[in-house]
Amino acid sequence: SMTSTNTADVKATVEQIHRLEKAGCEIVRVAVPDDDSADVLGSIRKEIGIPMVADIHFHYKLALKAIEQGMECIRINPGNIGGIERLKQVVRAAQEARVPIRVGVNSGSLEEDILQKYQFKVTAPALVESAIRNVRILENVGFQDIKISVKSTDVLTMIDAYRQLSSAVDYPLHPTFSDPDRLL
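Keep in mind that this is a model prediction, so the values were computed, not measured.

**Looking at the overall build of the protein**
Then, in step 1: If you tally the helices and strands in the protein, you get nine helices and five strands.
Then, in step 2: N-terminal to C-terminal, the α/β element order of the protein is α-β-α-α-β-α-β-α-β-α-α-β-α-α.
Then, in step 3: Taken over the C-alpha atoms alone, the protein extends approximately 45 × 40 × 25 Å along its principal axes.
Then, in step 4: Looking at the protein as a whole, 48% of its 184 residues are labelled buried.
Then, in step 5: Put simply, of all contacts in the protein between residues at least 6 apart along the chain, 65% involve residues at least 24 apart.
Then, in step 6: As presented, the protein carries roughly 9,100 Å² of accessible surface, and 49% of it is formed by carbon and sulfur atoms.
Then, in step 7: Averaging the positions of the 22 positive and the 25 negative side-chain charges in the protein gives two centres separated by 2 Å.

Encoded structure:
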C-alpha cells in the first residue's frame, strides 16, 4: 500500500504504517515530493517492520537521499528524473547500495506522444508502451534490477496492461493498492 500522510510528518506516517502492518501490509510506499520528506526517510524506516519504497517526485537528489537513508527500493519515472546524467547518478547509487528501482507508470501521467498516439485515451497498450520505454531508459544506462508497476483509474485497463506486460518483459510486476483507508 501507499501512505496518505505527509511523509515529513514522521509520527503520522509511522502510525499509519503500523496500522497497515497490522492489517497485513507487507511493503509500503511513501511519497517523497521534497527535501523535507526525503530527510526523514531513515527515521521512519527505523520505526517500522516492513520494507519501504520511496516514491520519488521528479528530482534525482531526492532519489539519492532515499538510497542513502536505507530504502529497500525507490520508485522513479526514468524519463522525468532530470536528464540522463542525473539518472546515471541515481543508477550508480542504486547499484552500489543494491537497491532496485521500481518503474511506475500511471494513467494520469502518460507521456504526451503516447497519449497522442492513442488518441488521448488511456489504454492498456499505452500503459505498456510507457512502461517499456522507461525500462529501456534504465537498461540503456546499465541497470536491470527493475520492477514495474502500472496503475489506471480503470481496473480492467490495469489488469489488461499487466497481462500484456507479463508477455513483453521478464521483470517482476508490482501491482499497486494505494488507498490505505480502504485497507484499514
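Back to the write-up after that little detour.
**Here's the deal with the pairing of strand β3 (residues 73–76)**
Then, in step 1: With burial as the criterion, each face of β3 is covered, one bearing C73 and R75 and the other bearing I74 and I76.
Then, in step 2: As paired elements, strand β2 (residues 52–56) and β3 share three bridges and run parallel to each other. Among the inter-strand pairings, V53 is bridged to a residue of β3, identified as C73.
Then, in step 3: Between the parallel pair β2 and β3, the chain is carried across by helix α4 (residues 60–68), and the sense of this crossover is right-handed.
Then, in step 4: With three bridges connecting them, β3 and strand β4 (residues 101–106) associate as parallel partners.

**So, a nonpolar patch on the surface**
Then, in step 1: The grouping of V155, L156 and I159 at the surface amounts to a nonpolar patch, some 280 Å² of accessible area in total.
Then, in step 2: Here L156 is to be found in helix α8 (residues 155–168).

**Some words on the sheet that holds β3**
Then, in step 1: Strand order in the open sheet made by the five strands is β1-β2-β3-β4-β5, with parallel pairing throughout. Looking at the sheet topology across the chains shown, the edges are occupied by β1 (28–32) and β5 (146–151). Neighbour to neighbour, the strand axes of the sheet diverge by 25° on average, direction disregarded.
Then, in step 2: The strands touched by helix α7 (residues 124–140) within the sheet are β4 and β5, with β4 carrying the most contacts at an inclination of about 150°.

**Topic: the environment of M71**
Then, in step 1: Mapped onto the fold, M71 is located in the loop between α4 and β3.
Then, in step 2: On the accessibility criterion, M71 (2% relative accessible area) is buried.
Then, in step 3: Sequence separation between M71 and V105 is 34 residues, and the spatial gap between their C-alpha atoms is 20 Å.
Then, in step 4: Excluding residues that lie within four positions of it along the chain, M71 makes contacts with L41, R45, M52, A54, A66 and V99.

**A word on the pattern of salt bridges**
Close approach of charged atoms lets side chains of opposite charge pair.
Then, in step 1: Tallied over the entire structure, the rule returns 10 salt bridges.
Then, in step 2: Across the pair R45 and E72 runs a salt bridge whose closest N-O atoms are separated by 2.8 Å. Note that R45 is positioned in helix α3 (residues 41–47) and E72 in the loop between α4 and β3, a separation of 27 residues in sequence.
Then, in step 3: By relative accessible area, which is 18% here, R45 ends up buried.
Then, in step 4: Connected through shared salt-bridge partners, R29, D55 and R75 make up one network.

**Quick word on the packing of α7 against α8**
Then, in step 1: The contact between α7 and α8 brings their axes to 8 Å, and the two run at 45°. The angle between the axes of α7 and α8 places the two elements in the oblique class. Of the two elements, α7 crosses α8, and the hand of that crossing is right-handed. The segment α7 lies against α8, with A124, P125, L127, V128, A131 and I132 engaging T157, D160, A161, Q164, L165 and A168.

**Some details on the environment of G49**
Then, in step 1: Locating G49 in the fold gives a position in the loop between α3 and β2.
Then, in step 2: Between the alpha carbons of G49 and E139 there is a distance of 31 Å; along the sequence they are 90 residues apart.

Parameters and conventions
- Numbering of residues starts from 1 in every chain and runs along the sequence as written.
- pLDDT decides what is reported in this predicted model: residues at 70 or higher carry local features, side-chain atom pairs at 80 or more are listed and counted, and totals for whole chains, interfaces and linings draw on all residues regardless.
- Heavy atoms throughout the structure, all of them, feed into the side-chain values; hydrogens and water do not.
- Strands are runs of DSSP state E lasting at least two residues, helices are runs of H or I lasting at least four, and both sets are numbered from the N terminus onward.
- Exposed residues in this analysis have more than 50% of their type's maximum accessible area, buried residues have under 20%, and partly exposed residues fall in between, with area computed by a 1.4 Å probe over protein chains only.
- We call two residues contacting when some pair of their heavy atoms lies within 4.5 Å.
- Using the Shrake-Rupley algorithm and a 1.4 Å probe, accessible areas are obtained, with residue cover drawn only from the displayed protein chains.
- Charge assignment: positive for Lys and Arg, negative for Asp and Glu; neither His nor the chain ends contribute.
- A charged residue contributes its charge at one atom only: NZ of Lys, CZ of Arg, CG of Asp or CD of Glu.
- Strand pairing is assigned whenever DSSP identifies at least 2 bridges connecting the two strands.
- Handedness of a crossover: with both strands directed away from the viewer, a clockwise path from the first strand across the helix to the second marks it as right-handed.
- Residues enter patches when they are more than 30% accessible in relative terms and free of salt bridges; like-charged ones are connected within 9 Å and nonpolar ones (Val, Leu, Ile, Met, Phe, Trp, Tyr) within 5 Å.
- In the sections that follow, a salt bridge refers to a side-chain nitrogen of Lys or Arg positioned within 4 Å of a carboxyl oxygen of Asp or Glu.
- Each axis is a line fitted through C-alpha atoms, and for a helix only the stretch in contact is used; angles between axes span 0 to 180 degrees, taken between their N-to-C directions.
- Oblique is the label for any angle not under 35 degrees, not over 145, and not in the 65 to 115 range, which are roughly parallel, roughly antiparallel and roughly perpendicular in turn.
- Definitions for this section: a left-handed crossing has its near helix turned counterclockwise from the far helix by less than a right angle. A right-handed crossing has that turn clockwise.

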